[in-house]
Structure formats: C-alpha cells, structure tokens
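Chain residues, written in single-letter form:
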Amino acid sequence: MEFSQVIPLLGLPLGELLLRLFLIVGGILVIYGGIKEVLEPLIMVPFGLGLAVSNASYLALSVNGVIINNPHLSWNLTGYEWIQYFWLQPFYNFTFMTGLIAALVFMGIGVLTDISFLLARPYVSFIIAAFAELGTVFTLPIATHLGLNLKEAASVALIGGADGPIVLFSSVTLAPHLFIPITVVGYLYLSLLYLYHERLARVVIPKSLASKPMPSTGVEVSRSEKIAFAILMPIILSAIFPLASPLLLSFFIGVLIREVMIDRYVKLLDEVILSVSTFFLALVLGASTTSDVVLNPVVGKILLLGITALVLSSLGGMLGGILLSVVTKGKYNPLLGVAGVSCVPTTAKLAQKLALKYNPENYMITELMGPNVAGVVTTAIVAALYLSLFIGT
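Below you will find a few notes about this structure.

Cut-offs and rules
Residues numbered from 1 in each chain as written. Predicted model: local features only at pLDDT ≥ 70, side-chain atom pairs only at ≥ 80, totals over all residues. Heavy atoms only, no water. Helix = DSSP H or I, 4+ residues; strand = E, 2+ residues; numbered from the N terminus. Buried < 20%, exposed > 50% of the residue type's maximum accessible area, 1.4 Å probe, protein only. Polar contact = N/O pair within 3.5 Å; in protein donor to acceptor, adjacent residues only side chain to side chain. Contact = heavy atoms within 4.5 Å. Phe/Tyr/Trp six-rings, centres within 6.5 Å; stacked < 30°, edge-to-face > 60°. Salt bridge = Lys/Arg side-chain N within 4 Å of Asp/Glu carboxyl O.

A closer look at the side chain of Asn-372
Here's step 1: With respect to the helices, strands and loops of the structure, Asn-372 is situated in helix 20 (residues 365-390).
Here's step 2: The class for Asn-372 is buried, based on a relative accessible area of 0%.
Here's step 3: Among the polar contacts listed, one links the side chain of Asn-372 to the backbone oxygen of Val-341, at a separation of 3.2 Å.
Here's step 4: Among the polar contacts made by the side chain of Asn-372, one reaches the side chain of Thr-347 at a distance of 2.9 Å.
Here's step 5: For Asn-372, the contacting residues outside a window of four places in its chain are Ala-339, Val-341, Ser-342, Cys-343, Val-344, Pro-345, Thr-347 and Ala-348.

Section: the packing of aromatic side chains
The geometry of an aromatic ring pair comes down to the distance between the two centres and the angle between the two planes.
Here's step 1: Evaluation of the coordinates by the stated rule reveals ten aromatic pairs.
Here's step 2: Each ring, one from Tyr-92 and one from Phe-96, has its centre 5.8 Å from the other, and the planes form 20°; the classification is stacked. On the criterion of helical spacing, the pair formed by Tyr-92 and Phe-96 is a turn pair, its members being four residues apart in helix 4 (residues 89-96).
Here's step 3: For Tyr-92, a relative accessible area of 0% gives the class buried.
Here's step 4: An aromatic cluster of three or more residues is present, and its members are Phe-91, Tyr-92, Phe-96, Phe-179, Phe-279 and Phe-280.

Structural notes on the pattern of salt bridges
Here's step 1: Inspection of the entire model under this criterion finds eight salt bridges.
Here's step 2: Notably, a salt bridge pairs Glu-198 with Arg-202, separated by 2.9 Å at the nearest N-O pair. With Glu-198 and Arg-202 both in helix 12 (residues 193-204), this residue pair falls four residues apart, about one helical turn.
Here's step 3: What makes Arg-202 partly exposed here is its relative accessible area of 41%.
Here's step 4: Where Arg-258 meets Glu-259, a salt bridge forms, and the shortest distance between an N and an O atom there is 3.9 Å.
Here's step 5: According to the relative accessible area criterion, Glu-259 is buried, its value standing at 6%.

Given below as structure tokens:
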C-alpha cells in the first residue's frame, strides 16, 4: 500500500503539498504567537489550530459529482443540502453567510463599551476618528487601480477601520467570493497592531507633544444622557444608512443593555454570546483557509491592500492628533490620534502605554476611550456608505 493511500495529503502535487505544509507550520506559529500574547490569543489560538488541521486533513471525496477536499466545511457550498456533510457547515451557513456572527460579536462589544468618554468630548472624539478613516477611504481607489472591482475594493478598504465584524459583514454582502481571505487578512492584521502601532506612533508623534499631561474634562455624563444616545443614535443612523442597520442595532443594543444595567443580559452577551461567537468565528475562519483559498491570485493583492489600509488609518489618526494639539496650543495630547483606530480597546491601551513611557504621571485612558469608541461609529458609517453605493453595482 502506498503512503498516499494511507495519508491522502501525500498524494497531492508537490506544489500544493508544500503550500499545505507551509500553512500547517503557519498555523502552529500562529498558536505560539497567541500563547505568547504576541498575537490576540482569543482569536489566533482557535484560528491557528483550525488552519493547521484543515490543511492536514486533505481528502478527495466525490459527493453528487462535487469533489470535497475539506472534511470540516466548504466555503463555496452554501446550499442547505450540504449541511449534512460537514460538521461546521451549519454554523457557517447560518451565521457567516447571513452576517449573524458579526452581529453577535458586535452585541458583545457593545455591552463592554462605556460611552461616557465619547459623550464627554464628542466633537474631539469624532474628529480624531474621522482622521483615522484615512485608510478606509484612500485604499478604495488604490484597490481599483490594482484591478479589483468596486465591491471587492470597498470590502478590502474597510480593513483600515480595524473592526473585524464590520469587515466580515461588509465582505459577505459585497464580495462573498472573497470574504474568507478578506476577513482572515483583516483579523490577522488586527492582531499585528500589537507589533507596529505603538512603534509607528513613536516615529510620527513628537515626544515633546506626546509627553504633555492631559487633564480630565471633568464633565459628568448622566445615565439618562447615555441611554438617550444609545436609543437615538441607531435610529437616526439606520434611517440614513438602512443597509448597515443590523450592525448598528447589534452594537447599540449592547450599549443600551449596559447602561440600563440588566445584569442577566450583560452576563449573557459578555460571558456567553461574545465568547462563543468569537471562538467559532476564529475556528471557522481557520478551518476555511485551505490551500485552494490561498492560491487565489487576488490574495496577494488583499495582503498588500490590507496592510496599506491599516497603516494609512494609523497615520491618519496620528496626524489628526498632532493637528488638534497644534491648533489648540497643546490643550489636547496628540496620542488621542493613536486611539482613533477603532480596535476597541487595544489602540487605547497602546496609546496609554506610550503616554506613561513619556510621562509616568500622564494617565489618560478615559480620554483615549472617546476617539476609540467614536472609531466604531465612523467605521460603521463608512461601511454603510460603501454598502449603499455599491450593493447594486
């Protein structure tokens, strides 16, 4: 008996075999990065194992004339008749292809989000967040220049918003044939924010400006104001951008439940729904990323455009912070711009870490959370614009 009969993986052509082995090793390295917390462990540990195992478990099984290579799920067989063949297929079909998984994650993020800091400095927060959308705006024409159509380009450009659920929801709607590589690249680069975002801020933002202490606003935001904001904002934005309403409702229902203090629902959304949805999101994405997905020639463009979008957004937020500091003659610390990229609360924590390095007494995490939360709203607005403009093209 040949080895290829015992281990089907070994019967593959050399090129595909080497690629699968590379992805298996890559999955193991991603797990290691998660364990060492170089990468986000909540996402990268299940993603890494899914990636490694799905590429090792090659099979060539014919079902109804269709060759099945992945025993876990098939990203392109979305008909309901296929859910009986793969254990992850029902979850993929019912939660990924409908956008439900993104909405569930957004509910959990909402219930963890304190909007007090946003409402204490709304104008400053939204100005900084708008600057931090530089990548989501300017990557679009770059992507079309590289040959992507408008729907594909918009989906990739949204990686610059640093908000995984929005990237997933938008790419499923606009470019379902590319949503696996776009979402995988998006989440992978979000994990890499730990590695480059703070270093980039050190280079871009002058230490003389970043070391200045920033006093608290002293503005008290009442519970009723926060409840009113959580009710009115999704209603107004949904009226303007109905295609983005599922994400808006998901995020603000979490915020509202937090402010109303329904403890049972807070625990449900935080400890159960967010944990379960994040786990399966990562596992399914990993199990979907097999060699046939990676061999798509457009993946190289997505990798290039994804990091371009994130770096441009990082630079935009930082430049916005510097401009605000200069215009107000130092009233605002430019590190606010570091937090404008809406990876809540990672970028705010990175900005606070840098602030303490420059000035051990500069504790400004409450102020940093303002633009950080505003970034979620501005990225949702950009996504809504893209969905409205390109859904029918």
